[in-house]
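Below are the chains, spelled out letter by letter.
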Amino acid sequence: GAKWTYTGPDGEDHWYKHYPFCRGPFQSPIDFEPELLRYDPTLVPVEVRNYNLSSHEQLTLSNNGHSVQLSLPPRMQLSGLPHLYSAAQLHLHWGSPSLPAGSEHTVNGRRFAAELHVVHFNSDRYPNISMAADKSDGLAVLGVLIEIGEFNPAFNQFLKYLNGVKYKDQRIQISAFNIRGLLPAHLNEYYRYDGSLTTPPCYASVLWTVFKNPVTISEKQFLALATSVFSSSQQESAPVVLNGNYRKPQNSENRIVLVSFQE
Ligand SMILES: NS(=O)(=O)c1c(F)c(F)c(S(=O)(=O)CCO)c(N[C@H]2CCCc3ccccc32)c1F
Ligand SMILES: [Zn+2]
């Protein structure tokens, strides 16, 4: 597809020119402002299956020029949602050293340092993510808000390999690890709403679950993420550092955000 970036002439305000859905309804991310929240006692804790991958297994870590992503096996599944969803990949959005606030979702206007997304597709209905990506009931993404604090050994299981994917289109095989360790301790408190991919093609195909409780990574881990990878390929003369790769909050259009917790 057409190239897109987070700033400049191909930045988010221009995405709609090649990707019309980016100007459509139900766009993500949004700001979780108090007036939109509605407690829903039927929201059960998210259940993850087979997230504890064996270190004998290998995963592909890659730099797609927009984020660093880790491929995930479809036997990793989500239950407790309207359908069974199988994992496809995880990736991150983060800020920059000068502006260490790069989460996509914000809470009452507060932007966190970074945000992890674990992308799943509706495996009750679709054979793979490509067939599911543009269907209204196609995807379910788990969002984990990240703030700077204690060192996080789980994130280091893939952050330690960033120098192997410095440039766009680089990919390496890494040892798998327990992906559950990247999520907050408790999966019972979350925001739930119908939204979209936060990158082109912006399909309104995502059931979002953003956990209320952030996780931490250390300042050093954040700086490694914010300074180690480039959106440019190795061949290009001028390296362009990849950071600030978050879309700004979209119009919530009076959408209700269900919450599984009471203040
Ligand atoms: N924030 S977000 O909305 O979760 C989100 C991203 F931000 C993001 F960059 C990606 S991407 O890395 O694939 C770059 C462009 O789509 C995805 N890809 C998903 C959805 C699109 C189809 C597809 C196919 C295979 C694997 C993953 C995906 C994405 F879902
Ligand atoms: Zn994302």
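Residues numbered from 1 in each chain as written. Chains lettered and ligands numbered in written order. Predicted model: local features only at pLDDT ≥ 70, side-chain atom pairs only at ≥ 80, totals over all residues. Heavy atoms only, no water.

**Q** Give a detailed account of the site of ligand 1, specifying residues and quantitative values.
**A** Around ligand 1 lies a shell of 14 residues, among which Asn64, Gln69, Leu197, Thr198 and Thr199 are the nearest. At 3.4 Å from a nitrogen atom of ligand 1 is found a side-chain nitrogen or oxygen belonging to His91. Starting from 560 Å² of accessible surface for ligand 1 in isolation, the protein chains cover 83%. Residue assignment for the shell around ligand 1 shows that the elements contributing at least two residues are strand S7 (85-94) and strand S10 (114-122). No other element matches the three residues that S7 contributes to the shell around ligand 1. (Near = heavy atom within 4 Å. Polar contact = N/O pair within 3.5 Å; in protein donor to acceptor, adjacent residues only side chain to side chain. Areas by Shrake-Rupley, 256 points an atom, 1.4 Å probe, with all protein chains shown as cover. Helix = DSSP H or I, 4+ residues; strand = E, 2+ residues; numbered from the N terminus.)

**Q** Let's hear about the packing of aromatic side chains: which residues, and what values?
**A** One pass over the full model with this rule turns up 11 aromatic pairs. Geometrically, the ring pair formed by Phe21 and Tyr203 is edge-to-face, given 5.6 Å between the ring centres and 65° between the ring planes. One end of the pair, Phe21, is in the segment before strand S1 (31-32); the other, Tyr203, is in the loop between strand S13 (190-195) and strand S14 (206-211), with 182 residues separating them in the sequence. You can call Phe21 partly exposed: its relative accessible area is 49%. Owing to a relative accessible area of 24%, Tyr203 belongs among the partly exposed residues under this scheme. Ring plane angle 25° and centroid distance 5.4 Å describe the contact between Tyr167 and Phe230, whose orientation is recorded as stacked. Pair noted here: Tyr167 is in the loop between helix H2 (153-159) and strand S12 (171-175) and Phe230 is in the loop between helix H3 (219-228) and strand S16 (257-259), with a separation of 63 residues, a long-range link. Grouping aromatic residues by their ring pairs yields a cluster made of Phe32, Tyr191, Tyr193 and Phe261. (Phe/Tyr/Trp six-rings, centres within 6.5 Å; stacked < 30°, edge-to-face > 60°. Buried < 20%, exposed > 50% of the residue type's maximum accessible area, 1.4 Å probe, protein only.)

**Q** An account of the coordination of the zinc ion (ligand 2) is requested, with residue identities and associated values reported.
**A** Every protein donor of the zinc ion (ligand 2) is listed here as His91 (NE2), His93 (NE2) and His117 (ND1), and their distances to the metal cover 2.0 to 2.1 Å. Taken together, the four donor atoms coordinating the zinc ion (ligand 2) and their angles of 98 to 116° define a geometry best described as tetrahedral. Binding-site remark: the zinc ion (ligand 2) is held by donors from one chain whose sequence spacing is H-x1-H-x23-H. One end of the pair, His93, is in strand S7; the other, His117, is in strand S10, and 24 residues separate them in sequence. (Donors = N, O, S within 2.8 Å, 3.2 Å for Na, K, Ca; no water. Tetrahedral: all angles 85-135°; square planar, octahedral: opposite > 155°, others 65-115°.)

**Q** Can you break down the sheet that holds strand S8 (residues 106-107) residue by residue, with the values?
**A** Strand order across the open sheet formed by three strands is S1-S8-S9, with mixed pairing between neighbours. The outermost strands of the open sheet, each flanked by one partner alone, are S1 and strand S9 (110-111). Across two bridges, the pairing between S8 and S9 is antiparallel. Note that in S9 the partner of Thr106 across the bridge is Arg111. (Pairing = 2+ DSSP bridges.)

**Q** Let's hear about the confidence of the model for the chain: which residues, and what values?
**A** Within the chain, residue pLDDT values average 97, and 100% of them lie at 70 or more. Within the chain, no element has a lower average pLDDT than strand S6 (residues 77-79), which sits at 96, and none a higher one than S10, at 99. With pTM at 0.98, the complex prediction returns an ipTM value of 0.96. (pLDDT = per-residue confidence, 0-100.)

**Q** Talk me through the environment of Ala2; I want residue IDs and the actual numbers.
**A** Position of Ala2 among the secondary structure elements: in the segment before S1. Judged by relative accessible area, which is 26%, Ala2 ranks as partly exposed. Expressed as a C-alpha distance, the spacing of Ala2 and Pro200, which sit 198 residues apart in the sequence, is 9.3 Å. If near-sequence neighbours (up to four positions away) are discounted, Ala2 is found in contact with His18 and Tyr19. (Contact = heavy atoms within 4.5 Å.)

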